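Below, each chain spelled out in residue letters.
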Amino acid sequence: MYSLFRKEITTFFGSLTGYLVAFVFLIANGLFLWVFPGNYNLLDNGYATLDGYFSLAPWIFLFLIPALTMRLFAEEKRSGTLEILVTRPVSLFQLVWAKYLAGLVLVLLCLLPTVVYFYSVYSLGNPPGNWDAGAAWGSFIGLFCLAAGYVAIGLAASATTDNPVLAFVLALFVSFLCYLGFEFAADLNFSPAISEMLIQLGINEHYLSVSRGVVDSRDLIYFLSLGFFFLVITSVLLQYKQKHWKQQSKKLGMLVVGLIVLSYLSGAWFFRLDLTAEKRYSLSPISKQLIQQLDSPIKVDVFLGGELPPGFRKLQQALVEKIQDINAYSDYRIHYELIDPYELVSTSEEQKKLFDRLVSLGLRPTDLRLQRDEGTVTKLIFPGAIVKYKDYDVGINLLKNNPSLSPEVNLNQSEETLEYELMRALNSLMADASPRVAFLQGQGELTEPETRDIRQTLSENFQLTDLHASELFQKEDLPDALVIADPKQAFSEQDKFYIDQYLMRGGNLLWLVDPVRVSLDSLSRGETALAFPRDLNLNDQLFRYGVRVNTNLVQDVECLMIPVNTSPVGSAPKYTPAPWYYSPLLKPSQSHVLSRNLNQLKAEFVSTIDTVGKDPAIQKYVVLQTSSYSRKIQTPLEVSLQSINQPPSESVFNEKHLMIGVLLEGQFSSVFQNRMLDDFNTQKIEVMNRSEPARMIVLADGSLIANQVSRRNGQIQTLPLGYDRYSQQTFGNKEFLVHAISYLCDETGIMSLRSQAFKIRLLDKVKIRENRLFWQLFNVLVPLVFISLLGLIFSLVRRRKYSR
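One structure accompanies this document, and this report is about it. Model, not experiment: these values are computed from the prediction. (Residues numbered from 1 in each chain as written. Predicted model: local features only at pLDDT ≥ 70, side-chain atom pairs only at ≥ 80, totals over all residues. Heavy atoms only, no water.)

### A closer look at the sheet that holds strand β13 (residues 516-517)
In step 1: Pairing is antiparallel across the open sheet formed by 3 strands, whose spatial order is β13-β14-β23. Taken across any chain shown, the strands that pair with only one partner, and hence form the sheet edges, are β13 and β23 (637-639).
In step 2: Pairing between β13 and strand β14 (residues 529-533): 2 bridges, direction antiparallel. Residue pairing across strands places Arg517 opposite Phe532, the latter belonging to β14. (Pairing = 2+ DSSP bridges. Helix = DSSP H or I, 4+ residues; strand = E, 2+ residues; numbered from the N terminus.)

### Topic: the packing of helix α10 (residues 164-186) against helix α12 (residues 203-210)
In step 1: Axis separation between α10 and α12 bottoms out at 7 Å; the angle between their running directions is 110°. Comparing the axis directions of α10 and α12 gives the class roughly perpendicular. Residues Cys178, Tyr179, Leu180 and Glu183 of α10 form the contact with α12, whose own contacting residues are Ile203, Asn204 and Glu205.
In step 2: Considering only residue class, the contact of α10 with α12 consists of 4 nonpolar, 1 polar and 2 charged. (Axes fitted to C-alpha atoms, helices over the stretch in contact; angles between N-to-C directions. Parallel < 35°, antiparallel > 145°, perpendicular 65-115°, else oblique. Contact = heavy atoms within 4.5 Å. Nonpolar A, V, L, I, M, F, W, Y, C, P; charged D, E, K, R; others polar.)

### Observations regarding the sheet that holds strand β4 (residues 334-338)
In step 1: Read across the open sheet, the 4 strands follow the order β4-β3-β7-β8; overall the sheet is mixed. Of all strands in the sheet, those with a lone pairing partner are β4 and β8 (392-397), marking the two edges. Strand after strand, the sheet turns through a mean of 20° between neighbouring axes, direction not considered.
In step 2: Sheet analysis places strand β3 (residues 298-302) next to β4, joined by 5 bridges and oriented parallel. Note that in β4 the partner of Val302 across the bridge is Leu338.
In step 3: Packed on one face of the sheet, helix α20 (residues 418-430) meets β3, β7 (384-389) and β8 and runs near 155° to β8.

### Considerations on unusual backbone geometry
In step 1: A cis amide bond links Asn126 to the next residue, Pro127, at an omega of 0°.
In step 2: In this fold, Pro127 is placed in the loop between α8 (115-124) and α9 (133-158).
In step 3: Between Thr635 and the following residue, Pro636, the backbone shows a cis peptide bond with an omega angle of 5°.
In step 4: By the secondary structure assignment, Pro636 is in the loop between β22 (630-634) and β23.
In step 5: The phi dihedral of Asp486 is positive, around 55°, even though this residue is not glycine.
In step 6: Within the element layout of this structure, Asp486 appears in the loop between β11 (481-485) and α22 (493-504).
In step 7: Taking the relative accessible area as the measure of exposure, Asp486 reaches 7% and is therefore buried.
In step 8: Despite not being glycine, Gln728 shows a phi value in the positive range, around 55°. (Buried < 20%, exposed > 50% of the residue type's maximum accessible area, 1.4 Å probe, protein only.)

### Some points on the nonpolar core
In step 1: Counting residues in hydrophobic clusters, the biggest one holds 80 residues, and the most contacted among them are Leu50, Tyr53, Phe61, Leu143, Tyr150, Ile203 and Tyr207.
In step 2: Sort the elements by how many residues they give to this core and α9 lands first, with 13 residues.
In step 3: Discounting chain neighbours no more than four positions away, the residues touching Phe61 are Phe25, Pro66, Val107, Leu111, Leu143, Leu146, Ala147 and Tyr150. (Core = buried A, V, L, I, M, F, W, Y, C linked by side-chain atoms within 4.5 Å.)

### Observations concerning the environment of Ala22
In step 1: Within the secondary structure, Ala22 sits in helix α2 (residues 16-35).
In step 2: Distance from Ala22 to Leu109, taken between C-alpha atoms, is 8.7 Å for residues 87 residues apart in sequence.
In step 3: Setting aside residues up to four positions removed in sequence, Ala22 forms contacts with Phe12, Cys110 and Ile787.

### With respect to the pairing of β8
In step 1: As judged from the 6 bridges shared by β7 and β8, these two strands associate in the antiparallel manner. Bridge assignment links Val387 to a residue of β8, and that residue is Val394.
In step 2: Following β7, the chain reverses through 2 residues before pairing antiparallel with β8; Lys390 in that reversal takes a positive phi of roughly 55°.

### So, the packing of aromatic side chains
In step 1: One pass over the structure, following the stated rule, counts 33 aromatic pairs.
In step 2: Measuring from ring centre to ring centre gives 5.4 Å for Tyr222 and Phe223, while their planes differ by 80°; the resulting arrangement is edge-to-face.
In step 3: For Tyr222, a relative accessible area of 13% corresponds to the buried category.
In step 4: Residue Phe223 is classed as buried on the basis of its relative accessible area, which comes to 5%.
In step 5: Here the aromatic residues Phe118, Tyr122, Trp131, Trp137 and Phe140 are joined through ring pairs into a cluster of three or more.
In step 6: The aromatic ring of Tyr281 is capped on one face by Arg212, whose charged end is 4.5 Å from the ring centroid.
In step 7: A cation over a ring is seen here: Arg695 above Tyr743, with NZ or CZ 4.2 Å from the ring centre. (Phe/Tyr/Trp six-rings, centres within 6.5 Å; stacked < 30°, edge-to-face > 60°. Lys NZ or Arg CZ within 6 Å of the ring centre and 35° of its normal.)

### With respect to a nonpolar patch on the surface
In step 1: A surface patch of nonpolar side chains, about 850 Å² in accessible area, is lined by Leu773, Leu777, Leu781, Val785, Leu789, Leu792, Ile793, Leu796 and Val797.
In step 2: With respect to the helices, strands and loops of the structure, Leu777 is situated in helix α26 (residues 765-803). (Patch = residues over 30% accessible without salt bridge, like charges linked within 9 Å, V, L, I, M, F, W, Y side chains within 5 Å. Areas by Shrake-Rupley, 256 points an atom, 1.4 Å probe, with all protein chains shown as cover. Salt bridge = Lys/Arg side-chain N within 4 Å of Asp/Glu carboxyl O.)

### Some words on the state of the cysteines
In step 1: In total, this model carries 0 disulfides according to the counting rule given.
In step 2: Left without a disulfide partner, Cys110 is nearest to the cysteine sulfur of Cys145, which lies 18 Å away.
In step 3: Cysteine Cys145 is unpaired, with the sulfur of Cys178 as its nearest cysteine sulfur at 15 Å. (Disulfide = S-S within 2.5 Å.)

### Considering the side chain of Ser195
In step 1: The topology assignment puts Ser195 in helix α11 (residues 192-201).
In step 2: Given the relative accessible area of 7%, Ser195 is considered buried.
In step 3: A polar contact of 3.3 Å, which involves the side chain of Ser195, links it to the backbone oxygen of Ala186.
In step 4: Setting aside residues no more than four positions away along its own chain, Ser195 makes contact with Ala186 and Phe190. (Polar contact = N/O pair within 3.5 Å; in protein donor to acceptor, adjacent residues only side chain to side chain.)

### Observations concerning the pattern of salt bridges
Note that side chains of opposite charge can pair when their charged atoms are close.
In step 1: Taken as a whole and assessed by the stated rule, the structure comprises 37 salt bridges.
In step 2: Salt bridges sharing common partners tie together Arg212, Asp216, Arg218, Arg272 and Asp325.

### A word on the pairing of strand β21 (residues 618-625)
In step 1: The pairing of strand β18 (residues 575-588) with β21 spans 2 bridges and is classified as antiparallel. Within β21, the residue paired with Lys587 across the bridge is Gln625.
In step 2: By the bridge criterion, 7 bridges tie β21 to strand β24 (residues 659-666) in an arrangement that is antiparallel. When the sheet's bridge partners are listed, Ile618 is paired in β24 with Gly666.

Here it is as structure tokens:
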């Protein structure tokens, strides 16, 4: 075996054909990855990753490996030396094994110079070394498995003929058939079970998983089975004209049956090793449990097809990979399709209908700028997906577009929430009943038009109702969450009692309260308004639960801009933007899953919150806060638009991250404990002094949930929640409140999936711009020099050996 192995290696380095094949492989890789523009170009991609290399490898291997293996047996047959080899004192399988190892080593020798790509990406990282080494080396395992499979196919093709060129063509055809042919067949009108079987037979399904740095036992067994199967095929082909070929054919049939059994067993008991730094390809136990409940296939239409910049291509790839991770555990496959909306329609009228339908499903459009030879082109895209299950569908937005963050950070945060968005959509589609959310009435809370936008959004996944506190226990079932939206009148003790007992029974509360009253009508007329404390009779109740809402007002340097007339008296009005410090842009906390990766919130006349008490049964988290440059002012005080002309010194904004919103969860103590309740408990409900596990969110600004309302010609018109007319920007009020209510009603733990955090790994754009030519030449020429040096060393060693 060793003699045969050495013979093939010697033949490779001793012939011009071997060097030619290696040079073509390395030049093609170097040009596609470092020079030619396109999806595979690593420099244009902008990310410190070798994904382009591992995506290109299967196509390059389709030509490289057949060229390396085409003569392994075909040349022996043509020269008549195969009969001599068969008579040697080695088994036929040992002969095949020696040839196979020689072909595999030759492929690895061609791959070895590409290690310089690893060094280049490592050096170009921002900062240097900012790359995921575990994912890269794990992907190299996938590349080795792919090469092992292709070499086995090429060896079998070489054993069928004595013509190396025909062996090359046959190996190319069979390799492509195994790589993508089964997937093409699965797209035909077969049953889901047959389609799934065909997909699992293809190389691409298994290579895509392992090439990301995920070592799955099922993929390893697949590649081992693939190689072993074609090696046995090679042995049978070599004995075709001998008397034992029928016996070998029986063995081949037994092998096929054995491989089928092995495949079944590997699917039933398997393990996965995620070698990436952040374990980004590992599913949480919550997701695994949820997808086990699927009883029908899923279809996902992804509207990220067509021409896209690198960042959006990376988001597209991340979504596809997440679907593959789900398929690894699901009994019913999730099928996806990448769609370019502009290719689905041919007329502007059809385009408008399609775009209106996508908007109605909740997909948010965004403008995308593309750099082309003719200049910059702007088009409208919908970076989202529609998940279809049985007769239902739901839209999900994939892009987290926070205007205050860079595009790279936005896209990275979008990747972090992919698993959450998919699981949330699946849970919504599979749920038998939607959670119930009630809006409290009776204390001058916001009216339906003032909360119309949030209600319309919540109605997609929640059952909504309005009720008074006294009606809480008149229903058969308590609501899952109770929203108290900006009450303006004091609560009676009886109403407080029913709210308290609702909480004691595990009910969840969302308080949006204004402890300070400011007359907006006076301000709109240009008059001075008085800000003074508002008595809602809630201080004792909230204090008992663990928070105190202060009767002050917050000013923040990071605030809304409002138009101010700066022209002289008697001149035409000239409006310029000026900061209105009483409208801070509140920041969701990044330390909790409820508020991570959310946009700033638009607010007005905000107060601060303090947490009080040290009850170990209650956990408290800040979910909303001011910026690093803010201050609080005690009331009463006068508020006037004239203060814009005399802004305070920035030095007074010396308080950081004032608490505006707090989450409390645990077991609360009743505020009515040890009190006489005959006057309050008119419905004679059972009184509880300690709550079941419950959650509560307190926000010290009632306007956070209010959309703007206008009346024209007797009709009510509402603007989107969080929309600012002057800047024409929509802030994150609605998304934050939807997440808040979802968290309150979350019994499955899906919200915890938002805790995933991925590190941004970018290439240094300055280095690339200044030294682009150097890195292109380095990665194209160094591998060629490496192969040339190997050949030179081999030639010198051989010459020295035989000169003796």
